[in-house]
Amino acid sequence: MPFSAQPPASGEPYVLSASLDNARHLSSLLRAVHFQDHATCFATASGLRVTVEDAKCIQANAFIQVEIFQEFAVQEESVIFRINLSVLLDCLTIFGTSSLPGTSTALRMCYRGYGYPLMLFLEEGGVVTVCKINTQEPEELLDFDFCSTKVVNKIILQSEGLREAFAELDMTSEVLQITMSPDKPYFRLSTFGNAGSAHLDYPKDSDLMEAFHCNQTQMNRYKTSLLKPSTKALALSCKVSIRTDAQGFLSLQYMIRNEDGQICFVEYYCCPDENITEVEL
Amino acid sequence: MRFRAKIVDLACLNHFSRVINTIAKLARTCTLRLTVCKLYFILSDKVANGGASMWCELSQGNFFDEFQMEGVAAEHNEIYLELVPENLSRALKTAQSAKAVKIKLTNKHCPCLRVAVELPSLSSNSRIVTHDIPVGVIPRRIWNDFREPSVPDFDVSIYLPALKTMKSVVERMKNLSNFIVIEANLSGEMNLKIETDLVSVTTHFKDLRNLPWTSEDGCQSSAQGRDLESMAEARIDIKKLQQLLAGQQVNPTKALCNIVSKRIVHFILLHEDVSLQYFIPALA
């Protein structure tokens, strides 16, 4: 490791210090939740969580657990700060985004606590870049209170089955309607755009369906504009779990394998636009 | 005033196109100076360019198979034209697999550089695509405006780090700030720095070669006797630096810069047969 693990000679000790041999393990996950300029970072002994929200309706979380880091130390129970995610990403990718075989950017991240900037030390090929990013007061975040006991319907799909559907989502449709049911059509994505309505059905015995646990027929609508950013997470992932609760809140959990084969998660929570529990054909 | 030239060799043609592409990235309009032996692309330091200036020199023999030039007068056997390099760049884009490219100065309705691209075709007749690029003829009385800029009395002269790395770093920094500080010392160290209310970023390059002190005419420059660790720095418009780096499609044989602290940064990029100098003034 090129960087010393000692705390600074003067000033406050670091409340958060972390090292990564490959900064892409962090930057690619952050890109999957980058739909707003600002993000809230939480660091605990379990690792790092980065949260982005919009319109009080949608929340995305990227989890980089402690095992991914070569070094991860948190001096307080939890460390929280708000930061400009666009700036953070530009700094993490300062040496470029293309991954040449055998080259990677090493990262060291240090934070002294409330009021201090986040320090990044990045190194590639003997060239060192030092970044100092100002942090802000963390804001109140939404709590979707989505726990497994409240889940009504759940399916797990292989991401490749959904990628095309989401990439080609009819953006002229204000809403994406998701139908989940123990009976036909089992799992249906519908849009209602200028050219007409489109329905995409996934039968429960499809090869792409890894798990199918639907107890009740639910039809919920979500604003397409809010869900579209989740396409980035879908593109990186190998599997996605789709869950809804009784109020129609949607949880999308993406399982992502990084370059070293380690598993990370990104999740998106979305409020329903309308809640239709009766089947409408 | 006459000018006609022809390129037949495909490698020379592609090389010439790359040079024009680089020039097009640096200047919206510039001056083309034609002499018997050389072509020059010149941008003089007007306020409209943000004070940046450029001097690019090519030996015509390395590119053209035929080259005939008759200047405005016998004692001034040169032609100065004002043109938009992007127009020339676009014309040459159609020549990627050409059999030959002919360039001729014409004056049918207005002065133009006529670029005739001869393309391969299945029939016995060639296909020829002709582009007429409007140019302005620059009168001899203002030729003095376009003299080669003198090498400034620099504080530090240093070879640039790998352009690929410099390019990536400057591109990212451009998202964060409008200005960049470039500093270097005589111990082979160079830093690129940006600083705003939100963020400050510094990239440190080490183990670069410095050039010895003496300037072109053998006189010692102000670099002599300078403390080796002390940095010469200049704060410049980041877009100008990014354009210079983005325009380098092929790695130059030599790339270096001279810094006059708080005044100007002078970049010299040398390829086998093309030399490009780019001057970026320092801002307050």
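Refer to the structure printed above.
Thresholds, definitions, all that
- Residues numbered from 1 in each chain as written.
- Chains lettered and ligands numbered in written order.
- Predicted model: local features only at pLDDT ≥ 70, side-chain atom pairs only at ≥ 80, totals over all residues.
- Heavy atoms only, no water.
- Contact = heavy atoms within 4.5 Å.
- Buried area = accessible area lost by both parts, 1.4 Å probe.
- Salt bridge = Lys/Arg side-chain N within 4 Å of Asp/Glu carboxyl O.
- Polar contact = N/O pair within 3.5 Å; in protein donor to acceptor, adjacent residues only side chain to side chain.
- Helix = DSSP H or I, 4+ residues; strand = E, 2+ residues; numbered from the N terminus.
- Nonpolar A, V, L, I, M, F, W, Y, C, P; charged D, E, K, R; others polar.
- Pairing = 2+ DSSP bridges.
- Phe/Tyr/Trp six-rings, centres within 6.5 Å; stacked < 30°, edge-to-face > 60°.
- Lys NZ or Arg CZ within 6 Å of the ring centre and 35° of its normal.
- Buried < 20%, exposed > 50% of the residue type's maximum accessible area, 1.4 Å probe, protein only.

K.L.:
Hey, could you run me through the interface of chain B and chain A in this one?
P.N.:
When the parts come together, some accessible area is lost, and that loss is often what is quoted as the size of the interface. Counting residues at the interface gives 17 residues for chain B and 19 residues for chain A. Of the roughly 1,500 Å² buried where chain B meets chain A, counting both sides, 57% is carbon and sulfur surface. Sorting the residues of chain B by area buried against chain A places Arg172, Leu198 and His204 of chain B first, and these three jointly supply 37% of that buried surface. For the pair chain B and chain A, the number of links is zero salt bridges. Here chain B and chain A share nine residue pairs in polar contact (both at pLDDT 80 or more) between them. Within the residue set of the side of chain B that touches chain A, elements represented by two or more residues are helix H3 (163–176) and strand E14 (199–205) of chain B. Looking at which element gives the most residues to the side of chain B that touches chain A, the answer is H3 of chain B, with eight residues. Among the residues forming the side of chain B that touches chain A, the class breakdown is seven nonpolar, seven polar and three charged. Bridge count for strand E9 (residues 127–133) of chain A against E14 of chain B is six bridges, and the pairing is antiparallel. Within E14 of chain B, the residue paired with Val128 of chain A across the bridge is His204 of chain B.

K.L.:
Mind showing me how you'd approach the packing of aromatic side chains here?
P.N.:
The geometry of two aromatic rings is summed up by the distance between their centres and the angle between their planes. Residue and element names in this part refer to chain B. Considering all chains together, one arrives at 16 aromatic pairs over all chains under this definition. An aromatic cluster is built from Phe3, Phe16, Phe63, Phe64 and Phe67, whose rings are joined through pairwise contacts. Looking at Arg235, its charged tip hangs above the ring of Phe179, at a distance of 4.4 Å from the centre.

K.L.:
What is the right way to read helix H2 (residues 85–92) of chain A from this model?
P.N.:
All names here are of chain A. Within H2, eight of the eight residues are buried, which leaves the element mostly enclosed by the surrounding structure. Considered for burial, the residues of H2 that qualify are Leu85, Ser86, Val87, Leu88, Leu89, Asp90, Cys91 and Leu92. Residue Asn84 occupies the N-cap position of H2, its side-chain oxygen lying 3.0 Å from the main-chain nitrogen of Ser86.

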